[in-house]
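# Architecture at a glance
Now for the letters of each chain:
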Amino acid sequence: MAQTKVIALTGNQAAAEAMRQINFDIAAVYPISPQTELMGFFAEYVANGEVDTEMIAVDGEHSAMATCIGAAAAGARTITASAGPGIAYMVENLYVASGMRVPIVLLDVNRALSAPLSIHCDHADSMLTRDTSWISIFSENAQEAYHNIIMAVKISEKAMFPIIVNYDGYIVSHSIEDVEILDDETVRNFVGPSDIHRIPYPLLDTDKPVTYGATAQPDYYTECKYQQHVDFLKVYDIVREVFDEFAEISGKRYDFIEEYKTEDAEYIGISMGSSFGTLKDAVDRLREQGRKVGAIKIRLYRPFPVKEIAQALSKAKGVVVLDRADSFDGIGGPLFKDIATALLATENNPYLHNFIYGLGGREIHEEEFMRAFDRLERLEKGIETRENFVEYLQVRE
Amino acid sequence: MAKKRPIALLSELASHKETFGGDMPLAPGHRMCIGCGIPPIVNEVILAINEPVIISNATGCLEVTTGVYPVTAWNVPWIHVNFQSAATVMAGVEAAYKVLKKKGVIPEDKKIHFVAFGGDGGTYDIGFQALSATAERGHNVLYVCYNNEGYQNTGYQKSSATPIGAYTKTTPVGKAKVGKQEPRKDLTMIMAAHGIPYVAQASPHIFRDLTRKTKKAISMDGFKFINVLEPCTLSWRFSPEDTMRLAKLAVETRYWPVYEVIDGKYWKVNIKPKKPKPIEEYIAAQPRWKHVLKYPEILEKIQKEIDEKWNLLLHLEEMSKKLAEEEGVDYEELFKVPED
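Predicted model only: the values in this text are computed from it and were never measured. (Residues numbered from 1 in each chain as written. Chains lettered and ligands numbered in written order. Predicted model: local features only at pLDDT ≥ 70, side-chain atom pairs only at ≥ 80, totals over all residues. Heavy atoms only, no water.)

## Quick notes on the overall build of chain A
Put simply, the rule is: Helical segments are the DSSP runs of H or I of at least four residues, strand segments are the runs of E of at least two, and each set is numbered from the N terminus. Here the globule rule reads 2.2 Å times residues to the power 0.38, and the radius of gyration is calculated from C-alpha atoms. Working definition: with a 1.4 Å probe on protein chains only, accessible area under 20% of the residue-type maximum means buried, over 50% means exposed, and in between means partly exposed. The contact rule is simple, with two residues in contact once any of their heavy atoms fall within 4.5 Å. Where accessible areas are quoted, they stem from the Shrake-Rupley method and a 1.4 Å probe; at the residue level, only the protein chains shown are allowed to cover. None of His or the chain ends enter the tally, which takes Lys and Arg as positive and Asp and Glu as negative. Where a charge sits is defined by one atom per residue type, namely NZ (Lys), CZ (Arg), CG (Asp) or CD (Glu).
Looking only at helices and strands, one finds 13 helices and 16 strands in chain A. The C-alpha radius of gyration computed for chain A amounts to 21 Å, which stays within 12% of the reference 21 Å derived for 397 residues, consistent with globular compactness. Each principal axis of the C-alpha distribution contributes one length, and for chain A these read about 70 × 55 × 45 Å. Out of the 397 residues in chain A, the part that is buried amounts to 61%. A separation threshold of at least 6 residues defines the contact pool for chain A, and within that pool the share at least 24 residues apart is 80%. Of the roughly 15200 Å² that chain A leaves accessible, carbon and sulfur atoms contribute 49%. Of the side chains in chain A, 37 bear a positive and 61 a negative charge, and the two mean positions are spaced by 5 Å.

## Description of the pairing of strand β7 (residues 198-202) of chain B
Residues and elements named next belong to chain B. Spelled out, the test is: Strand pairing is assigned whenever DSSP detects at least two bridges linking the two strands. If the strands point away from the viewer and the path from the first strand over the helix to the second runs clockwise, then the crossover is right-handed.
β7 sits mainly inside the fold: 5 of its 5 residues count as buried. Side-chain alternation along β7 places Tyr198, Ala200 and Ala202 on one buried face and Val199 and Gln201 on a second face that is also buried. Pairing between β7 and strand β8 (residues 224-229): 5 bridges, direction parallel. By the bridge assignment for β8, Ala200 is matched with Ile226. As a crossover connection, the stretch from β7 through helix α8 (residues 207-218) into β8 is right-handed.

## Some thoughts on unusual backbone geometry
A:Ala115 follows A:Ser114 through a cis peptide bond whose omega is -5°. Tracing the backbone through its elements, the reader meets A:Ala115 in the loop between β5 (105-110) and α5 (124-127). Backbone geometry places A:Phe328, a non-glycine residue, at a positive phi of 50°. With respect to the element layout, A:Phe328 can be found in the loop between β14 (318-323) and α12 (334-342). Using a relative accessible area of 68% as the deciding quantity, one classes A:Phe328 as exposed. A positive phi is found at B:Asp263, a non-glycine position, where the angle reads about 55°. With respect to the helices and strands, B:Asp263 occurs in the loop between β9 (259-262) and β10 (266-269). Owing to a relative accessible area of 36%, B:Asp263 belongs among the partly exposed residues under this scheme.

## Digging into the interface of chain B and chain A
Quick reminder of the rule: Defined in terms of a 1.4 Å probe, buried area is the accessible area two parts forfeit on being brought together, summed over both. Criterion for a salt bridge: a side-chain nitrogen of Lys or Arg within 4 Å of a carboxyl oxygen of Asp or Glu. For the purposes of these results, a polar contact is taken to be a pair of N or O atoms within 3.5 Å, where, inside protein, one atom must be able to donate a hydrogen and its partner to accept one; residues adjacent in sequence count only when each atom of the pair is a side-chain atom.
On the chain A side, the residues contacting the 48 residues of chain B number 48 residues. Buried area between chain B and chain A, summed over both chains or domains, comes out near 3500 Å², and the portion from carbon and sulfur atoms is 62%. Where chain B packs against chain A, one counts 2 salt bridges. A salt bridge links A:Asp25 to B:Lys103; the shortest N-O distance between them is 2.6 Å. Scanning the region where chain B abuts chain A turns up 17 residue pairs in polar contact (both at pLDDT 80 or more). Every element with two or more residues in the side of chain B that touches chain A is listed here: α1 (10-14), β1 (53-57), α3 (61-66), β2 (67-68), β4 (78-80), α4 (86-102) and α6 (128-137) of chain B. A per-element tally of the side of chain B that touches chain A places α4(B) first, with 12 residues. Where strand β9 (residues 211-212) of chain A lies against β4(B), 2 bridges are found, and the strand directions are parallel. In the strand pairing of β4(B), A:Tyr212 is matched with B:Ile79.

## Focus on the pairing of strand β7 (residues 163-168) of chain A
Residues and elements named next belong to chain A. Burial analysis of β7 places 6 of its 6 residues in the buried class, the great majority of the element. Alternating residues of β7 divide into Ile163, Val165 and Tyr167 and Ile164, Asn166 and Asp168, and every residue in both groups is buried. Examined bridge by bridge, β5 and β7 share 6 bridges and lie parallel to one another. Bridge assignment links Asp108 to a residue of β7, and that residue is Asn166. Relative to β7, strand β6 (residues 135-139) runs parallel, the two being bridged by 5 bridges. Considered in β7, the bridge of Ser139 is made with Tyr167.

## A short note on the packing of helix α6 (residues 142-159) of chain A against helix α7 (residues 184-191) of chain A
Packed helix pairs are characterised by how far apart their axes lie and by the angle those axes make with each other. Residue and element names in this part refer to chain A. Rules: Angles here are taken between N-to-C directions and fall from 0 to 180 degrees, while the axes themselves are lines fitted to C-alpha atoms, restricted in helices to the stretch in contact. An angle counts as roughly parallel when it lies under 35 degrees, as roughly antiparallel when it exceeds 145, as roughly perpendicular when it falls between 65 and 115, and as oblique in every other case. Amino acids outside the nonpolar list (Ala, Val, Leu, Ile, Met, Phe, Trp, Tyr, Cys, Pro) and the charged list (Asp, Glu, Lys, Arg) are all regarded as polar, and Gly is one of them.
Close contact between α6 and α7 brings their axes to 9 Å; oriented N to C, the two are set at 25°. Taken together, the axes of α6 and α7 lie roughly parallel to each other. Residues Tyr146, Ile150, Met151, Val153, Lys154 and Glu157 of α6 form the contact with α7, whose own contacting residues are Val187, Phe190 and Val191. For the contact of α6 with α7, the residue count by class is 7 nonpolar, no polar and 2 charged.

## Some words on the packing of helix α1 (residues 11-22) of chain A against helix α2 (residues 36-47) of chain A
Residue and element names in this part refer to chain A. Put simply, the rule is: The sense of a crossing depends on the near helix, which, turned anticlockwise from the far helix by less than a right angle, makes the crossing left-handed and, turned clockwise, makes it right-handed.
Remark: α1 packs on α2, axes separated minimally by 8 Å, with the N-to-C direction vectors making an angle of 40°. Regarding the angle of α1 to α2, the classification is oblique. In this structure, α1 meets α2 at a crossing whose hand is right-handed. Counted together, Asn12, Gln13, Ala15, Ala16, Glu17, Met19 and Arg20 of α1 and Glu37, Leu38, Met39, Phe41, Phe42 and Tyr45 of α2 form the full contact between these two elements.

## A few points about the side chain of A:Glu140
Residues and elements named next belong to chain A. Of note, Glu140 is situated in the loop between β6 and α6. Assessed through its relative accessible area of 12%, Glu140 is described here as buried. There is a polar contact of 2.6 Å between the side chain of Glu140 and the side chain of Lys297. Filtering out sequence-adjacent residues up to four positions away, Glu140 remains in contact with Val172, Gly273, Ser274, Phe276, Gly277, Lys280 and Lys297.

## Some words on helix α13 (residues 366-380) of chain A
Residue and element names in this part refer to chain A. Selection rule: One less than the residue count of a helix, multiplied by 1.5 Å, gives the span that helix is expected to have.
Taking 1.5 Å of rise per residue, 15 residues should cover 21 Å, and α13 covers 21 Å from first to last C-alpha, within 8% of that figure. Along α13, the residues that are buried comprise Glu368, Phe369, Met370, Ala372, Phe373, Arg375, Leu376, Glu377 and Leu379. Buried residues in α13 make contact with β11 (267-271), α10 (276-288), β12 (293-298), β14, β15 (351-356) and β16 (390-392). Positive backbone phi, at 80°, marks Gly382, one or two positions downstream of α13.

## Examining the packing of aromatic side chains
For clarity, the cut-off: Note on aromatic pairs: the rings of Phe, Tyr and Trp (six-membered ring only in Trp) are paired at centre separations within 6.5 Å, and the planes decide the class, stacked below 30 degrees, edge-to-face beyond 60, tilted for the rest. Ring-over charges, as used throughout, are those where CZ of Arg or NZ of Lys falls within 6 Å of the ring centre and within 35 degrees of the ring normal.
Taken as a whole, this structure holds 23 aromatic pairs over all chains when the rule is applied. Residues A:Tyr301 and A:Phe304 carry aromatic rings whose centres are separated by 6.0 Å and whose planes lie at 85° to one another, so their mutual orientation is edge-to-face. Relative accessible area serves as the criterion here: at 0%, A:Tyr301 is assigned to the buried category. Accessibility expressed as a relative area gives 8% for A:Phe304, which makes it buried. Aromatic ring contacts, followed pair by pair, group A:Phe190, A:Tyr236, A:Phe243, A:Phe246, A:Tyr254 and A:Phe256 into a single cluster. Here the basic side chain of A:Arg101 rests over the ring of A:Phe161, its NZ or CZ set 3.9 Å away from the ring centre. The ring of B:Phe128 is capped by B:Lys185, whose NZ or CZ atom sits 4.6 Å from the centre of that ring.

Next up, the structure:
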């Protein structure tokens, strides 16, 4: 077990600390709020010679990801970070990275998308990445962000897929919390040293020339994508394996989802990211009223934990999915559709409702989540009716 | 009914060990057009380098024709990410090399050269921001633009390298407008303004010059840029056997001056045609452009652009000699290629 110490850090500071300990080979950086200060903190480590990292201040997020792809294919351990519009700008290259099967860590300090311009938190940026074949993990707080980054390196390199670690802009990135930090040696042993042969075909092995990024015509494109499809399904086991290994060094055991008072719960709320604490408070207050409610947090967002969700909802009467992004499609938020699909894997058929909340940094309070449970229960009992599956939770009409 | 052609399984193809094309970095068997000027440019550049190279490639003619899954024409490590990223991808590879050398992962004496290729679309237009930024950051990369003055891979649309008056699919010749309305952008000058160690223009028909320029470029630390005119048989619509003749005419008419620039301040014009051929001869050889011969006002603009640029280059050369003298620098020595 590691030596640990508890220090007060913001989410961005905790992330920078993880980056320092991992000592990434390459960090491609481009400023965008609320990610900017993360790379600012890391730049101090670079400037002081505390890391060996080549920090490349590129011309934009599209180039940031292209630089990462080049570095990762070369054989370097590579990271970048962005938020909101920056994530949108790099989307083209997210597909390239996963299609080329290079391990890269991307920190998404979750931010809303324009217009109107908002630098504050929601999950619209991350939802742009959900079909990109990147592994995606959400963090509730600075502690989880710190742990997730360390685990992400290993997951990505074992799976040969790039990985996104999400944490909420400002709410996590700029709030100070107590964070338990592992000692440097433990972290470095956990991720292992730099080595171009961490990947099977490094460009820098010039004795064995390889071609990265060839064209595929209709005769082979499908086969390429099928290989990617099959391998992406293997990510579940790899994530579980790394979660187990991490538990050994840290004493902290993570799962794909986190359940709170769901055992006997009739009504379950589901959220991702920083709002889960508020959701748990809402559950506690409703429990005080004798209501059988519970909560689920999604940690592993891609690949989606279908079986775990189906199991956790196998006895529920009603489920309210709390989406921090809207899909504007007449169906519901992105997480709502994922949950609805996961329910195909259980015999149970709970009443499913969807609320959009927390857009563009709108604060969320436990009373609002309590209202979401109330609405769910009354809908399920037929006391109220609805016109759509999806409604806005916090809006001045 | 058409006979169904059996397609080999990936596992069978992956087990093939043989390669062909000998030691050519870009092996024969690729799918470029007959008479295409790109393969000679690529092989002239890479063969001028006696140490290992890694190549990055922007999307375009060179890319789509040389790595077609599951086969490749590349006998050197090669990566393509997308249209606009050839420079910055190579920056990532070069930075990886640098840091892994520092960490002792790559041996201290292992020398690798980093070369990026892009067409004018991927270099002048969509890749310009990444190119400029990579140059500014001084990555040890040689960027070679094969400039065929338009988006040829997509069937010939105008780029900012297309000359005034030229027909393209997005600048047709009609009653209201005759081809492209604007003169070509001078990217070589813009790259020289970055103050990078080495910038040059070259032509594939003078292979000794391109070889020398490549050797000169890789002998210098930092970002280097060579712009090579690449006459396109398909879109400029001349016969495949005339590619080098067109390249030669471009130089002989002073349409494409062959020159080099050290540190953005010492200029040298390598070839000075004593009696330049009339631009009409070059234009007449290209059905994409020859309609301008009927428009004296456009011809005049073309000639003016050529004359002014040529005169400017000669003045820059003279100025460089004076500057070198003032600084106590040996002007001729600046352009010499160190022995291999």
